[in-house]
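Here is what each chain is made of, one letter per residue.
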Amino acid sequence: QVQLVESGGGLAQAGGSLRLSCVASGHTSSPYYMGWFRQAAGQEREFVAAIHWSMGRQYFADSVKGRFALSKDNAKTTVYLQMNSLKPEDTAVYYCGAKDYDGVFLPRDIRSYKYWGQGTQVTVSS
């Protein structure tokens, strides 16, 4: 049973930074890819960023490109989301997702993810 646990959310000022972590456990092999989605109050859950686990290729939503960065720790099966130059519009619950390999590579598609964490709240004040 794969479990994902996010952490690192909290309150930041506009222009500040936060670093989110997502720890995956229970994998018998490395994930195909892992991603971050966020959901603001009253909004649909939207894609933020994703990383192809073995290749390290990264994908970002236009809204966060140039401000957010991804990194990973293979030994810990952990992905990090470094969020810089935060804006009030970044306020949301951030969710980590993961998928096992099946040859279908759709990291921006929320429907492609099999496993999800419980989410961590990020609040950015102006």
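Residues numbered from 1 in each chain as written. Predicted model: local features only at pLDDT ≥ 70, side-chain atom pairs only at ≥ 80, totals over all residues. Heavy atoms only, no water.

Engineer: Before we move on, can you summarise the sheet that holds strand E8 (residues 78-83) with the specific residues and values?
Structural biologist: The pairing of strands in a sheet happens through backbone hydrogen bonds and is either parallel or antiparallel. One open sheet holds the 4 strands; their spatial order is E1-E3-E8-E7, and the pairing between them is antiparallel. The open sheet has two edge strands with one neighbour each: strand E1 (3-7) and strand E7 (68-73). Taken over all neighbouring pairs, the strand axes of this sheet differ in orientation by 15° on average, direction set aside. Taken together, the 6 bridges between E7 and E8 define a ladder with antiparallel strand orientation. Among the inter-strand pairings, Ser71 is bridged to a residue of E8, identified as Tyr80. (Pairing = 2+ DSSP bridges. Helix = DSSP H or I, 4+ residues; strand = E, 2+ residues; numbered from the N terminus. Axes fitted to C-alpha atoms, helices over the stretch in contact; angles between N-to-C directions.)

Engineer: Provide a residue-level description of the nonpolar core, including the pertinent values.
Structural biologist: Core analysis: the biggest nonpolar cluster contains 36 residues, and Trp36, Leu81 and Tyr94 have the highest contact counts within it. Among the elements of the structure, strand E3 (18-25), strand E4 (33-39), strand E5 (46-52), strand E6 (58-60), E7, E8, strand E9 (92-99) and strand E11 (120-125) are those that each provide at least two residues to this core. Looking at this core element by element, the count peaks at 5 residues for E5. Non-local contacts of Tyr94, meaning those with residues more than four positions away in its chain, are made with Glu6, Leu20, Trp36, Phe37, Arg38, Val48, Phe68, Leu81, Met83, Gly119, Thr120 and Val122. (Core = buried A, V, L, I, M, F, W, Y, C linked by side-chain atoms within 4.5 Å. Buried < 20%, exposed > 50% of the residue type's maximum accessible area, 1.4 Å probe, protein only. Contact = heavy atoms within 4.5 Å.)

Engineer: Tell me about the pattern of salt bridges, and name the residues and values.
Structural biologist: Applying the stated criterion across every chain yields a total of 7 salt bridges. The partner of Arg67 in a salt bridge is Asp90, and the shortest N-O contact between them spans 2.8 Å. Of this pair, Arg67 sits in the loop between E6 and E7 while Asp90 sits in the loop between E8 and E9, placing them 23 residues apart in sequence. Pair check on accessibility: Arg67 and Asp90 agree, each one buried. Across the pair Lys99 and Asp102 runs a salt bridge, and its minimum N-O distance is 3.1 Å. When its relative accessible area of 7% is taken as the criterion, Lys99 is described as buried. Exposure remark for Asp102: the relative accessible area of 43% places this residue in the partly exposed category. One network of salt bridges, in which partners are shared, links Arg38, Glu46, Arg67 and Asp90. (Salt bridge = Lys/Arg side-chain N within 4 Å of Asp/Glu carboxyl O.)

Engineer: I'd love a proper account of unusual backbone geometry, names of residues and values included.
Structural biologist: When glycine is set aside, most residues are seen to have a negative phi, and most peptide bonds are trans. Phi is positive for Thr77, close to 45°, though the residue is something other than glycine. Mapped onto the secondary structure, Thr77 falls in the loop between E7 and E8. Of the residues examined, Thr77 reaches a relative accessible area of 17% and is grouped as buried. In the Ramachandran plot, Ser85 falls in the positive-phi region, its phi being about 50° despite a non-glycine side chain.

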